[in-house]
Amino acid sequence: MVHCSGGAQTKVLSFLGSGQQVIKDNLFTVPPLFETIREQSETPWEEMYKVFNMGHRMELYMDERNASKVIDIARGFGVDAQVVGRVQESEDNASSVILRTVNGEFTYSK
């Protein structure tokens, strides 16, 4: 379980083992607040995803076979939930997070 504060979308890097890669390619829609912050501050999207949670607050890492059950439980409590990505072995033995978003693709490494 990772709460996406203090590192936002890159916080999971602190918990990855050598050679693990997280690919997030189904993030929630960015709330208008973050769009306004980016526009007013002229902060690049790559930095925004590193600093702000972008409306994506909590991550639970589990076997994909259990995901639909957990999503159903969360929704039963009124919490929107979805599978946002996956963990896989990296090709170069580096630990990284890859974000594929409507605002671009960004790679963050340890």
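Structure report, in brief. (Residues numbered from 1 in each chain as written. Predicted model: local features only at pLDDT ≥ 70, side-chain atom pairs only at ≥ 80, totals over all residues. Heavy atoms only, no water.)

1. Notes on the pattern of salt bridges
Applying the stated rule across the entire model yields four salt bridges. The residue Lys-24 makes a salt bridge to Glu-59 at a minimum N-O spacing of 2.3 Å. One end of the pair, Lys-24, is in strand E2 (residues 20-24); the other, Glu-59, is in strand E3 (residues 58-59), with 35 residues separating them in the sequence. Each member of the pair Lys-24 and Glu-59 is classed as buried. (Salt bridge = Lys/Arg side-chain N within 4 Å of Asp/Glu carboxyl O. Helix = DSSP H or I, 4+ residues; strand = E, 2+ residues; numbered from the N terminus. Buried < 20%, exposed > 50% of the residue type's maximum accessible area, 1.4 Å probe, protein only.)

2. Observations regarding the nonpolar core
Counting residues in each nonpolar core, the largest one holds 17 residues, and the members touching the most others are Val-12, Trp-45, Tyr-49, Met-54, Val-97, Leu-99 and Tyr-108. Those elements that provide at least two residues to this core are helix H2 (45-51), strand E5 (96-101) and strand E6 (104-109). Considering every element that reaches this core, the biggest residue donor is H2, with three residues. The residues contacting Val-97, other than those within four sequence positions of it, are Gln-9, Val-12, Leu-13, Val-22, Lys-24, Phe-106, Thr-107 and Tyr-108. (Core = buried A, V, L, I, M, F, W, Y, C linked by side-chain atoms within 4.5 Å. Contact = heavy atoms within 4.5 Å.)

3. Section: the sheet that holds E2
Across the sheet, four strands lie side by side as E4-E2-E5-E6; this open sheet has mixed pairing. The open sheet has two edge strands with one neighbour each: strand E4 (85-89) and E6. Each neighbouring strand pair of the sheet contributes to a mean axis angle of 15 degrees, computed without reference to strand direction. Pairing of E2 with E5, which is carried by four bridges, proceeds in the parallel orientation. Among the inter-strand pairings, Lys-24 is bridged to a residue of E5, identified as Leu-99. (Pairing = 2+ DSSP bridges. Axes fitted to C-alpha atoms, helices over the stretch in contact; angles between N-to-C directions.)

4. Regarding a nonpolar patch on the surface
Taken together, the side chains of Met-1, Met-58, Leu-60 and Met-62 make up a nonpolar region of the molecular surface, amounting to roughly 420 Å² of accessible area. Within the element layout of this structure, Met-62 appears in the loop between E3 and helix H3 (67-76). Look at Met-62 and you get partly exposed, because its relative accessible area is 34%. (Patch = residues over 30% accessible without salt bridge, like charges linked within 9 Å, V, L, I, M, F, W, Y side chains within 5 Å. Areas by Shrake-Rupley, 256 points an atom, 1.4 Å probe, with all protein chains shown as cover.)

Function-wise, these values are silent; they only describe arrangement.
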